[in-house]
Amino acid sequence: MSEATPHAAPAPGPALPRYGIRAAHTASTITVYQAYAPRLGLPAARDGRFPPAWKRERMTWVKPSFLWMMYRCGWATKADQETVLAVEITRAGFDRALARACLSHYVPGVHPDREAWKASLAGSPARVQWDPERDLHLNPLPHRSLQLGLSGEASRAYADEWTVSIRDVTPLARRIHALVRAGDTEAARALLPAEPPYPAGPLPHLGA
């Protein structure tokens with residue numbers, strides 16, 4: 001199984017597009033992040049697949065941005081988010097979800113009208129939110145990061161078909177957080193996974 005190897009990541013620059021997917025990826029896979037309680041996260045990392053207790057009928061949100069995941073889980077300190085997973089999935093599955101996704105809220109200019117958006121949302125197994133990317137101190141940045149929500153058939157495919165590997169990156173999160181708290185942002189940044197632009201192409205139905 002292939003894995004995207006972390007490298008030193010440069011600080012985001014002002015030239016980044018407002019909407020764009022940046023992610024650790026290989027020719028065939030993309031890495032996304034999720035955080036779970038240890039009772040789910042540890043077995044998933046141990047076995048390289050989600051356990052039967054992982055509810056496949058519920059919507060699950062995946063995040064290609066490591067720092068946005070750190071913002072969401074508070075550097076793995078929030079309740080039921082103490083185990084951070086790097087989930088490597090197939091690009092074919094990810095791209096299919098993007099192609100069939102709908103924005104989670106109505107945006108004039110992207111949707112003909114609110115009723116058209118509601119109809120699209122009801123028929124889509126995936127939805128997208130664009131949230132402000134975060135810096136090492138978890139402050140918002142001008143450009144936005146993708147969150148992809150998967151439900152129904154997409155959620156089941158994510159867990160049982162697309163997943164290539166699952167790694168527990170909680171120790172990495174804690175190490176980077178400790179360096180940030182110590183004021184050594186240069187060393188902290190050097191440990192971040194590289195997240196170059198992901199070649200998704202134009203996504204007009206998602207406002208990007």
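For the structure itself, look to the data block above.
Remember, it's a predicted structure, so these values are computed and weren't measured experimentally.

What counts and how
Residues numbered from 1 in each chain as written. Predicted model: local features only at pLDDT ≥ 70, side-chain atom pairs only at ≥ 80, totals over all residues. Heavy atoms only, no water. Pairing = 2+ DSSP bridges. Helix = DSSP H or I, 4+ residues; strand = E, 2+ residues; numbered from the N terminus. Phe/Tyr/Trp six-rings, centres within 6.5 Å; stacked < 30°, edge-to-face > 60°. Buried < 20%, exposed > 50% of the residue type's maximum accessible area, 1.4 Å probe, protein only. Lys NZ or Arg CZ within 6 Å of the ring centre and 35° of its normal. Axes fitted to C-alpha atoms, helices over the stretch in contact; angles between N-to-C directions.

Visitor: Help me understand the pairing of strand β5 (residues 126-134) in this model?
Guide: If a strand is regular, its side chains alternate between the two faces of the sheet. Bridge count between strand β4 (residues 101-103) and β5: three bridges; the pairing is parallel. Note that in β5 the partner of L103 across the bridge is V128. Once β5 ends, the chain turns through five residues before running back antiparallel as strand β6 (residues 140-150), passing L138 with a positive phi of about 65°.

Visitor: I would appreciate a short explanation of the packing of aromatic side chains in the present structure.
Guide: The geometry of an aromatic ring pair is captured by two quantities: the separation of the ring centres and the angle between the planes. If you walk through the whole model with that rule in mind, you get eight aromatic pairs. Each ring, one from F50 and one from W54, has its centre 4.8 Å from the other, and the planes form 35°; the classification is tilted. Look at F50 and you get buried, because its relative accessible area is 1%. With a centroid separation of 6.1 Å and 50° between ring planes, the pair formed by W54 and Y158 is classed as tilted. Of the two residues, W54 sits in the loop between α1 (38-47) and β2 (60-62) while Y158 sits in helix α5 (residues 153-162), which places them 104 residues apart along the sequence. Each member of the pair, W54 together with Y158, is buried. Among the aromatic residues, those joined into a ring-pair cluster are Y36, F50, W54 and Y158. Here R134 stacks its cationic end above the ring of Y71, 3.6 Å away from the centre of that ring.

Visitor: Looking at this structure, I do not really get the sheet that holds strand β1 (residues 29-36). What am I missing?
Guide: Where strands meet in a sheet, backbone hydrogen bonds hold them as pairs that are either parallel or antiparallel. One open sheet holds the three strands; their spatial order is β1-β3-β7, and the pairing between them is antiparallel. A strand with exactly one partner marks an edge of an open sheet, and here the two such strands are β1 and β7 (163-168). Taking the axes of each pair of neighbouring strands and ignoring which way they run, one obtains an average angle of 25° across the sheet. Across eight bridges, β1 lies against strand β3 (residues 83-90) in antiparallel orientation. Across the sheet, the residue bridging to I30 is I89, located in β3.

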